[in-house]
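The lines below spell out each chain.
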Amino acid sequence: MMNSTPKTAGIKDIAKALGISIGTVDRALHERSGVSLKTKARVLQMAEQLGYKPNLAAQALKLNRRIEIAVVLPKQISHFFDPLRAGIRSAADATVGMHVNVTFYEYPRLGQGDLELLEARLKDQCDGIIFTPGNPRRLDPIIRRLASQGTAMLCVASDAPASARIGLVSAHAYTSGAIAAELLALKLVRKTHVATITGELTTLDHAEKLRGFAATLAMIAPHLSLLPAVESHERPKEAYRQTIALLHGETKPQGLYISTANSIPVLKALEEEGLLGKIQVVATDLFQELVPLIETGKILATLYQRPFTQGKVAFESLVTYLLEDKKTAPMIRLAPHIIFRSNLHLFADRLNSLAEPEES
């Protein structure tokens, strides 16, 4: 089903609503002289009320400048970062009439090669960089150096809040963890143990998911005991090995939250041990290998982080920031989608296109 998009209000609409000239509205919106404070206030209020958004293409042409944007993202995990890149490309392709150049850079995985690629951007004089901070403390110095030379640094998928980044676009990590805890609490009504398998806990996204999961579990399901978190470090072999060790441990979990999209090795270990479908599993994101497992009930649910939309919104937010007269930091956290067997069909048919249902 196609989503209808409401028409965006323009300067003419504001002028008509207030009964004033288009020129007066234009001067008020762009901080030019010749408009009283009272009129300016009325214009800004009406602009907000009508949902006015500036024409970025017109602004870019007026500035007569080319905008250079670098995108620095990991190659792994491909079923998350490939659609995120696709969202950025989709938004970039829509910038008709704007002089925007986007260059993509890849490194192996979070925390491995990102620092070197960001350091190399010092010589490029980029206007903006979209990146995912694997280890924020390690990257803080280079983020500050790039920001000090005028590069707008925008985090996507995870945050570096103590750095000089301009803002963030991501799924709401704490809420994802909280939802996973509530789902397991609904299925596991007797006293037992649950476990989490995550990536690097130095990555804020993973740390926040674990925090949300633990806090919600303690609040609504005191009968469920949380085992120490297993850090897979986004290495498939390590994830498999640690899952086997967890399943062979003295205390076996009856519920499992895989808070990283790197879930294939974990699911492989569960299958080999004959526990897939017996242990309640909440996974993260959606890709082809998960579809039959959700269809057959071997996975309870997965929490979709909407990577395509994250990429699209990140690009649009960065361009808007670069063209705004008054800089406002974009802080956008998307609600994760809960995918069950019952609504899987709404998402599964879009996997090959790398887009998402709300984009159609």
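Below is a short write-up of the structure. Only a predicted model underlies this, so the values are computations on that prediction, with no experimental measurement involved.

What counts and how
- Residues numbered from 1 in each chain as written.
- Predicted model: local features only at pLDDT ≥ 70, side-chain atom pairs only at ≥ 80, totals over all residues.
- Heavy atoms only, no water.
- Salt bridge = Lys/Arg side-chain N within 4 Å of Asp/Glu carboxyl O.
- Helix = DSSP H or I, 4+ residues; strand = E, 2+ residues; numbered from the N terminus.
- Buried < 20%, exposed > 50% of the residue type's maximum accessible area, 1.4 Å probe, protein only.
- Pairing = 2+ DSSP bridges.
- Phe/Tyr/Trp six-rings, centres within 6.5 Å; stacked < 30°, edge-to-face > 60°.
- Axes fitted to C-alpha atoms, helices over the stretch in contact; angles between N-to-C directions.
- Left-handed = near helix turned anticlockwise from the far one by under 90°.
- Contact = heavy atoms within 4.5 Å.
- Nonpolar A, V, L, I, M, F, W, Y, C, P; charged D, E, K, R; others polar.

**Observations concerning the pattern of salt bridges**
Thinking step 1. Inspection of every chain in the model, using the stated rule, returns eleven salt bridges.
Thinking step 2. For Asp205, the salt bridge goes to Lys209, with nearest N and O atoms at 3.0 Å. In this pair, Asp205 and Lys209 both sit in helix 9 (residues 204-220), four residues apart, roughly one turn of the helix. When sorted by exposure, Asp205 lands in the same class as Lys209, which is buried.
Thinking step 3. Connected through salt bridges with shared partners, the residues Asp82, Arg85 and Glu106 form a single ionic network.

**Observations regarding the pairing of strand 1 (residues 67-74)**
A regular strand carries its side chains on alternate faces of the sheet.
Thinking step 1. The buried count for strand 1 comes to seven of eight residues, which makes it a mostly enclosed element.
Thinking step 2. The pairing of strand 1 with strand 2 (residues 100-107) spans eight bridges and is parallel. Considered in strand 2, the bridge of Ile67 is made with Val100.
Thinking step 3. Here strand 1 pairs with strand 3 (residues 128-131) via four bridges, running parallel. Within strand 3, the position partnered with Ile69 by the bridge is Gly128.

**Focus on the packing of aromatic side chains**
Thinking step 1. In this structure the tally under the stated criterion is three aromatic pairs.
Thinking step 2. The interplanar angle of 90 degrees and the centroid separation of 4.9 Å between the aromatic rings of Phe80 and Phe81 together place this pair among those described as edge-to-face.
Thinking step 3. Using a relative accessible area of 6% as the deciding quantity, one classes Phe80 as buried.
Thinking step 4. For Phe81, a relative accessible area of 4% corresponds to the buried category.
Thinking step 5. Plain terms: the ring middles of Phe213 and Tyr257 are 5.1 Å apart, the flat faces sit at 25 degrees to each other, and that makes the pair stacked.

**What to know about the packing of helix 10 (residues 236-247) against helix 11 (residues 264-272)**
Thinking step 1. Between helix 10 and helix 11, the shortest axis-to-axis distance is 8 Å and the interhelical angle comes to 40 degrees. The hand of the helix 10/helix 11 crossing is right-handed. Judged by residue contacts, Pro236, Ala239, Tyr240, Thr243, Ile244 and Leu247 of helix 10 engage Pro265, Val266, Lys268, Ala269, Leu270 and Glu272 from helix 11.
Thinking step 2. Here the contact of helix 10 with helix 11 is composed, by residue class, of nine nonpolar, one polar and two charged.

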